[in-house]
Amino acid sequence: MLEQADVAMPTAAAARLSRFARPALGLLLPLCLALGWELAVWLGYSNGRLVPPPTKVFATIAELAKSGELSRHITTTLSRVAAGFALGVVAGTVLGAVSGYWGLARRLLDPTVQALRAIPSIAWVPLFILWLGIFETSKVALIAVGVFFPVYLGVMGAILSVDRKIVEVGRIFRLSGPAMIRRILLPAVLPAYVVALRVGLGLGWMFVVAAEFMGASEGLGYLLIDGQQLGKPAQIVAAIVIFAILGKTTDWLIELATAPLLRWQDAFGRERGAA
Amino acid sequence: MLALDKVGKTYPNGVHALSRFSAEIKLGEIIAIIGGSGCGKSTLLRAIAGLDRATSGTVTLDGTAITAPHAKIGIIFQEPRLLPWLSVADNIGFGLSDLSAEVRREKVTRALARVGLTDKANAWPRELSGGQAQRVAIARALVPQPEVLLLDEPFSALDAFTRRDLQDHLLDLWADTRPTLILVTHDVDEAVVLADRVLVMRPRPGRLFEEIAINLARPRDRNSAHFDNFKRRVLTALDRSLDRNVPDSEAAANAGEAMWW
Ligand SMILES: Nc1ncnc2c1ncn2[C@@H]1O[C@H](COP(=O)(O)OP(=O)(O)O)[C@@H](O)[C@H]1O
Ligand SMILES: [Mg+2]
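Before going into details, it helps to say that this report is about the structure given with it.

Rules used in this analysis
- Residues numbered from 1 in each chain as written.
- Chains lettered and ligands numbered in written order.
- Predicted model: local features only at pLDDT ≥ 70, side-chain atom pairs only at ≥ 80, totals over all residues.
- Heavy atoms only, no water.
- Helix = DSSP H or I, 4+ residues; strand = E, 2+ residues; numbered from the N terminus.
- Rg over C-alpha atoms; globule rule 2.2 N^0.38 Å.
- Buried < 20%, exposed > 50% of the residue type's maximum accessible area, 1.4 Å probe, protein only.
- Contact = heavy atoms within 4.5 Å.
- Areas by Shrake-Rupley, 256 points an atom, 1.4 Å probe, with all protein chains shown as cover.
- Lys, Arg positive; Asp, Glu negative; His and termini not counted.
- Charge placed at Lys NZ, Arg CZ, Asp CG, Glu CD.
- Core = buried A, V, L, I, M, F, W, Y, C linked by side-chain atoms within 4.5 Å.
- Buried area = accessible area lost by both parts, 1.4 Å probe.
- Salt bridge = Lys/Arg side-chain N within 4 Å of Asp/Glu carboxyl O.
- Polar contact = N/O pair within 3.5 Å; in protein donor to acceptor, adjacent residues only side chain to side chain.
- Nonpolar A, V, L, I, M, F, W, Y, C, P; charged D, E, K, R; others polar.
- Phe/Tyr/Trp six-rings, centres within 6.5 Å; stacked < 30°, edge-to-face > 60°.
- Axes fitted to C-alpha atoms, helices over the stretch in contact; angles between N-to-C directions.
- Left-handed = near helix turned anticlockwise from the far one by under 90°.

### Description of the overall build of chain B
A tally of helices and strands in chain B yields eight helices and 10 strands. Computed over the C-alpha atoms, the radius of gyration of chain B is 18 Å, within 12% of the 18 Å expected from 2.2 N^0.38 for a compact globule of 261 residues. Along the first, second and third principal axes, the C-alpha atoms of chain B reach 55 × 40 × 30 Å. The 261 residues of chain B split such that 53% are buried. The long-range share in chain B, meaning contacts at least 24 apart out of those at least 6 apart in sequence, stands at 67%. Accessible area of chain B: about 11,600 Å², with a carbon and sulfur share of 48%. Separation of charge centres in chain B, based on 33 positive and 33 negative side chains, amounts to 4 Å.

### Remarks on the nonpolar core
All names here are of chain B. Among the nonpolar cores identified, the biggest contains 89 residues, and L2, L4, F21, I48, L150 and I182 are the most heavily contacted of them. Apart from the residues lying within four places of it in its own chain, the contact partners of L150 are L45, I48, A49, I73, G74, I75, I76 and I182. In this structure, I76, L96, L128 and F227 belong to the second largest nonpolar core, which totals 53 residues.

### Notes on the interface of chain A and chain B
With 18 residues of chain A at the interface, the matching set in chain B holds 22 residues. Where chain A abuts chain B, roughly 2,000 Å² becomes buried across the two surfaces, and 65% of that area is made up of carbon and sulfur atoms. Looking at the side of chain A facing chain B, the largest losses of area belong to I172, F173 and W264 of chain A, adding up to 32% of the total buried there. Among the ionic pairs, K165 of chain A bridges to E79 of chain B, the shortest N-O distance being 3.5 Å. The interface formed by chain A and chain B contains 10 residue pairs in polar contact (both at pLDDT 80 or more). Among the elements of the structure, α7 (164-172) and α8 (177-213) of chain A are those that each provide at least two residues to the side of chain A that touches chain B. Element by element, the count of residues in the side of chain A that touches chain B is highest for α7 of chain A, at seven residues. Taken together, the residues that form the side of chain A that touches chain B break down as nine nonpolar, one polar and eight charged.

### Let's talk about the packing of aromatic side chains
All told, the structure shown has seven aromatic pairs over all chains when counted by the stated rule. With centroids separated by 6.4 Å and ring planes inclined at 45 degrees, the aromatic side chains of F128 of chain A and W131 of chain A adopt a geometry described as tilted. Highlighted residues: F128 of chain A and W131 of chain A, both in helix α5 (residues 125-132), separated by three residues, approximately one helical turn. Judged by its relative accessible area of 9%, F128 of chain A falls in the buried class. Judged by centre distance (5.8 Å) and plane angle (70 degrees), the ring pair of W264 of chain A and W85 of chain B falls under edge-to-face. Remark: W85 of chain B occurs in the loop between β6 (73-76) and α2 (88-92) and W264 of chain A occurs in the loop between α10 (233-258) and α11 (268-272); the pair is interchain, linking two chains. In this structure W264 of chain A comes out as buried when scored by relative accessible area, which is 12%. An aromatic cluster of three or more residues is present, and its members are W124, F128 and W131 of chain A.

### Re the packing of helix α4 (residues 103-117) of chain A against helix α6 (residues 136-160) of chain A
Residue and element names in this part refer to chain A. Two numbers describe how α4 lies on α6: the axes approach to 11 Å, and their chain directions differ by 145 degrees. Remark: the crossing between α4 and α6 carries left-handed chirality. Residues R106, L109, D110, V113, Q114, L116 and R117 of α4 form the contact with α6, whose own contacting residues are F148, F149, Y152, L153, M156 and L160. Class assignment of the residues belonging to the contact of α4 with α6 gives a composition of nine nonpolar, one polar and three charged.

Structure follows, in structure tokens:
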């Protein structure tokens, strides 16, 4: 006990400090690289045409922001991701829960879902365009497909792996079906569900790029294509940087929103400060 | 009164785990069930708890047949099985959800104090030691005031000191409301220190082999000659249940320290 207390004191202080120090440490490498490249272009070692220096990228972003174009593209992409993510999550959660909870449904449904999962999702693109047209619907559908599979698998796997021993505790206290779901199953699957949501969101961001490559007139993916066709690498890098920021921010929002629900978890990673 | 009438269990895979087990257990009695590994002790306890149904015979509590978990029957397993997402206090109050929050809080507070874990009320289960976690499990099973409390090797995962502590603590808690205790154990010492009667089981198929009444006043002195005497009798019965030679007294005394798996 004493030993633990001795060790705990400095670690608490260190934890407070490292809450700021740790992200800073992670920024060190990209900042150095950016600075180095800026310097290399400035000193004339490279003309920086194909790989624009950071100042040029920021100038491009600022320019896009001033004209109001940037917020238009961001809004478009974000709303596509949001719609696709929502659809994929709802479908994945419902079907995953049904398959996980009910053996007959799993035997009926799961083989088909697994077979569909084996198809690279981009292969659906031509069909979606034929079925749903070139505009928003087909794009949202593609994103939803990407989000669906990890959520479905995560939910089903989480329900199947709920500890029978803990379910027995519920039986001993004679919980009704709904009470068993609410008081035992939901909390038990929550950690795996959050992971599934985050993986799903990551795929959503991946697929929005693919979706916006197929004939969009707005969105960050369009900025990428536009930059390539007009030979503006700074615009491409700018779009990439914004993708990175948005992806990380939305992932962080999920983490932030679910953290209070998962405080009980005995997570090794949290204490070691991973991610 | 809890009545077991020719209780038998054959698992779907054909294992005949339990055969014609009969016993009558009065309210407030402490019964220890002891026997070699795989002789159907857990099977019997799960049938009494209503978790699994017996394939023959009946379990009745005060005349009601037990076929599903019953409000008056609680169980404690070898592992504490606390819900990791609930605080210690909420775990203890888990079985009280039909009471008002106020009554529940009061009962939980009292139970926490009773098992000496008041300072852990808001801790997570992962922050407890093995012995503390098992005390929470005992408190959780006892707060709804069951008439029958089943314990399936509840202390076997704990070290010898903690185990002895918890045995004494269990007796202490039992004295509050005097429920029936049915304790499965492989520890002869534990059976003799706790039980009014020790039921020795015999494997393949599991059945009752011998019953030994422990006529010792409580609190029992683990070092007394009488205690040793009862221990030796249980050990002898155990050895015969496993068709081993009856050991001489010295071997029996040594074996008393060992545990029966
Ligand atoms: N769910 C089950 N399905 C099939 N056989 C089982 C099951 N549970 C226990 N058994 C078998 O029944 C016998 C008695 O088991 P158990 O009651 O757990 O013994 P004990 O608790 O005395 O060690 C063993 O042979 C065991 O393999
Ligand atoms: Mg057992």
